[in-house]
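The primary structure of each chain is shown beneath.
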Amino acid sequence: MRPHLLYVVWGYPPCRGSGVHRALATANTFAQDGWRVTVLTADRETFERFTGSDPSLEARIDPSITVTRVDFAWPAQETDIRRFSRLRAKAPSLWRRLRLIRDRIPFPEVGYGPWRRPLTRAALKIHKSDSVDLVISTANPNVTFSAAYALHRRAGIPYVMDYRDAWSLDVFSGERLHQLNSRVVRLERKYLHDATEAWFVNEPIRAWHVLQYPDVAPRMHVVANGWDPEVFAAARPDRGRPEPRTRPLTFGYLGTMSRNVPIAVLLAGWHEARDHGLVAPGSRLVIAGYLGFFATPRADIASAIAGAGDSVSYPGPIPKTEVGAFYDSIDVGVLALGTGLYVTSGKVFEYLATGKPVVSVHDPENAASSVLAGYPLWAPAQELTPSAVAAALGRGAQLAAEASEAQRSLALQFAEQYRRDVQFRPRLAELRRTVGHP
Amino acid sequence: MSVVIIAGARQTYARRLQSSLDQLQETGEVVHLVTYGSAANLQLRGQHIAIPVPPATRLARAPRAIRVVLRVLNLLLSRRATDRFRRAVLSSPDIDSLLRDADLLVAVDPPAVDVAWHLIRRHRDLAAVSGTPAALDVINRRRRSSG
């Protein structure tokens, strides 16, 4: 009998959120490793109405996976006045305050707290009908951890806490989000204490948690986001090493643009690079991806890009099935990230996978720098200013034109360590031993 | 598709309102506007119905100390203003006729949400949303579904 994994996640296809790719890959990796996988996630309508959806992602779910959806209500994001209560229509401030209190009663997480009970009920029901051997809960939202813990308490099922972000740490500012004696920290301590493993997306986040919970340190592991070989099947390795390019060049950014992503600095740096001849005349900057985390695009970012002139284009979001083609169409990747010692993003791995020059437009202290350190075609901005970004873009253009054959081969080899399957391999082996199916 | 924007705050910020109008008019839809009080210099291609604000009461022209107290009681006063706005909107045949032909009602501030909540009970087929981004989303979805 194959081991049964229950994977608890809020954002799963057709959700188009940035964390969905790790969730999709995790469940698929276990399914391909021979596990029976049940995914417990939010209902489809949540993503269609609130976060926006990418239907092409559903086609990438391994056909052997069973997906169970639990209704998720998100009143704070509701804009349909027909669904407003009288209290919300008449006294919105009071309604909001009461909502904040009510959200945190079942679980201390605004917006997601009320999901704890239906999620736990669904997890127990799945276990009752088909015994679960292992639970992996991925956060955020952190409420998913509660379902794993409930199964552990009631049936002794081992569980893994997969942190795509952090619960108590602000990955942008590096500050603690919750007081040491808060309900969140007490819950986190309890959950981590009983967890079989806790996964983090980079070493700085893991190191922070090791300091906070030293007794759990041996069970804390880094499982970096990595890149999906099937996405780049068209771009590598059959297409060989990218050819040296002279002019004009296409610089490309692909990712979700939240308010933390320094698009304004990137655009200012781009114009400076053009004005000073650091990039060849006729070169273009293509900025692609979702504008913000929600279904409705952020107007401020849209207007900044629209006002950036003819050399900058915005083709909109790129479906996952076309991501490989997008990277194939650019000469230099432009990695713009929010500032934070603990910020890696999943995109950095995709940029690496291309084997093309990567221009970093983020704080040099970002965790992404530690991933890119050693990559032979890396052109980091020394600081987050237009001049430094312009210089980095110029260096990126130079690398695209002048990198040697040896450098390009090394770049492709460097990226191999960050393949998603390579990242998961040690954990898969260990967890098989844990559930008695080595 | 006909869109009606409703703005119920007495001091509706003209720039913000114009921004909402611009975004919705850029979609090419016919946009009408209902405001509490006049809103000058708005670039609007559709109809504009302004509910007149009654002249300031003696209380509002009171000395500063009293006005400070009144400001503390702002919640109560704004409630009264919203009630007045709602009654005027609900009893206006012009607005009723505008909404009968409309497909989407957009409330851009809390008093407008309150009034819209009542209006949709009269106009059963009218979609009503809070905020311009949500309105744009509805327009785009309807366009996609109609091919």
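To be clear, the structure that these remarks concern was listed above.
(A) Summary view of the sheet that holds strand β2 (residues 36–42) of chain A. Residues and elements named next belong to chain A. One open sheet holds the 7 strands; their spatial order is β3-β2-β1-β4-β5-β6-β7, and the pairing between them is parallel. Either end of the sheet is taken by a strand with one partner, and the two such strands are β3 (66–70) and β7 (220–222). Between one strand axis and the next, the sheet turns by 20° as a mean value, whatever way the strands run. Both strand β1 (residues 4–8) and strand β4 (residues 134–139) contribute to a ladder of 4 bridges, which runs parallel.

(B) Quick peek at a positive patch on the surface. A contiguous patch of positive charge on the surface is contributed by Arg-82 and Arg-86 of chain A together with Arg-121 and Arg-124 of chain B. For Arg-121 of chain B, the location among the structural elements is in helix α5 (residues 110–122).

(C) Geometry of a nonpolar patch on the surface. All names here are of chain A. Among the surface-exposed residues, Leu-87, Leu-94, Leu-98, Ile-101 and Ile-105 lie close enough to one another that they form a single nonpolar patch of about 450 Å² accessible area. Broken down by element, the nonpolar patch gets its largest block of residues, 3 residues, from helix α4 (residues 92–104). Within the element layout of this structure, Ile-105 appears in the loop between α4 and α5 (116–129). Ile-105 gets classed as exposed once you look at its relative accessible area, which sits at 55%.

(D) Geometry of the pairing of strand β1 (residues 2–7) of chain B. Residues and elements named next belong to chain B. Of all 6 residues in β1, 6 are buried; the element is thus mostly enclosed. Neither face of β1 is open: one carries Ser-2, Val-4 and Ile-6, the other Val-3, Ile-5 and Ala-7, and all of them are buried. By the bridge criterion, 6 bridges tie β1 to strand β2 (residues 30–36) in an arrangement that is parallel. The residue of β2 that forms the bridge with Ile-5 is Leu-33. Sheet topology note: the β1/strand β4 (residues 104–107) ladder contains 4 bridges and is parallel. Paired with Val-4 across the two strands is Leu-105, which belongs to β4.

(E) Main features of the interface of chain A and chain B. On the chain B side, the residues contacting the 15 residues of chain A number 22 residues. Together, the buried faces of chain A and chain B total about 1,400 Å²; carbon and sulfur atoms form 54% of this surface. Summed over the shared surface of chain A and chain B, the number is 1 salt bridge. A salt bridge links Asp-114 of chain B to Lys-90 of chain A; its shortest N-O distance comes to 2.9 Å. Across the chain A-chain B interface, the total number found is 10 residue pairs in polar contact (both at pLDDT 80 or more). The set of elements that each furnish at least two residues to the side of chain A that touches chain B consists of α2 (44–51) and α3 (86–90) of chain A. Residue composition of the side of chain A that touches chain B, by class: 6 nonpolar, 3 polar and 6 charged.

Analysis parameters
- Here, residues in each chain are numbered from 1, in the same order as that chain's written sequence.
- Numbering of ligands from 1 and lettering of chains from A proceed in the order in which they are written.
- With pLDDT at 70 or above as the cut-off, local features in this predicted model cover only qualifying residues; side-chain atom pairs require 80 or more to be listed or tallied, and sums for whole chains, interfaces and linings still use all residues.
- The side-chain values count all of the structure's non-hydrogen atoms but skip hydrogen atoms and water molecules.
- Note: two strands are recorded as paired if DSSP finds a minimum of 2 bridges between them.
- Numbering of helices and strands runs from the N terminus, with a helix taken as a DSSP run of H or I at least four residues long and a strand as a DSSP run of E at least two residues long.
- An axis is simply a line fitted to the C-alpha atoms; with a helix, the fit covers only the stretch in contact. Between two such axes, the angle follows the N-to-C directions and lies from 0 to 180 degrees.
- Patches here: salt-bridge-free residues with over 30% relative accessible area, like charges joined within 9 Å, nonpolar side chains (Val, Leu, Ile, Met, Phe, Trp, Tyr) joined within 5 Å.
- Computed with a 1.4 Å probe, the accessible areas rest on the Shrake-Rupley method; for each residue, only the protein chains presented here act as cover.
- Here a salt bridge means any side-chain nitrogen of Lys or Arg lying within 4 Å of a carboxyl oxygen belonging to Asp or Glu.
- Just so you know, the count uses Lys and Arg for positive and Asp and Glu for negative, and it drops His and the chain ends.
- To locate a charge, take NZ of a lysine, CZ of an arginine, CG of an aspartate or CD of a glutamate.
- Accessible area is worked out with a 1.4 Å probe on protein chains only. A residue is then buried under 20% of its type maximum, exposed over 50%, and partly exposed in between.
- We call two residues contacting when some pair of their heavy atoms lies within 4.5 Å.
- A simple way to read buried area is as the amount of 1.4 Å-probe accessible surface that goes missing from two parts once joined, with both sides added.
- By the criterion applied in these results, polar contacts are pairs of N or O atoms within 3.5 Å in which, for protein atoms, one can donate a hydrogen and the other can accept it, and in which residues neighboring in sequence qualify only through two side-chain atoms.
- Note on residue classes: Ala, Val, Leu, Ile, Met, Phe, Trp, Tyr, Cys and Pro are nonpolar, Asp, Glu, Lys and Arg are charged, and everything else, Gly too, is polar.

From the geometry alone we can't say anything about function, so treat these as descriptive.
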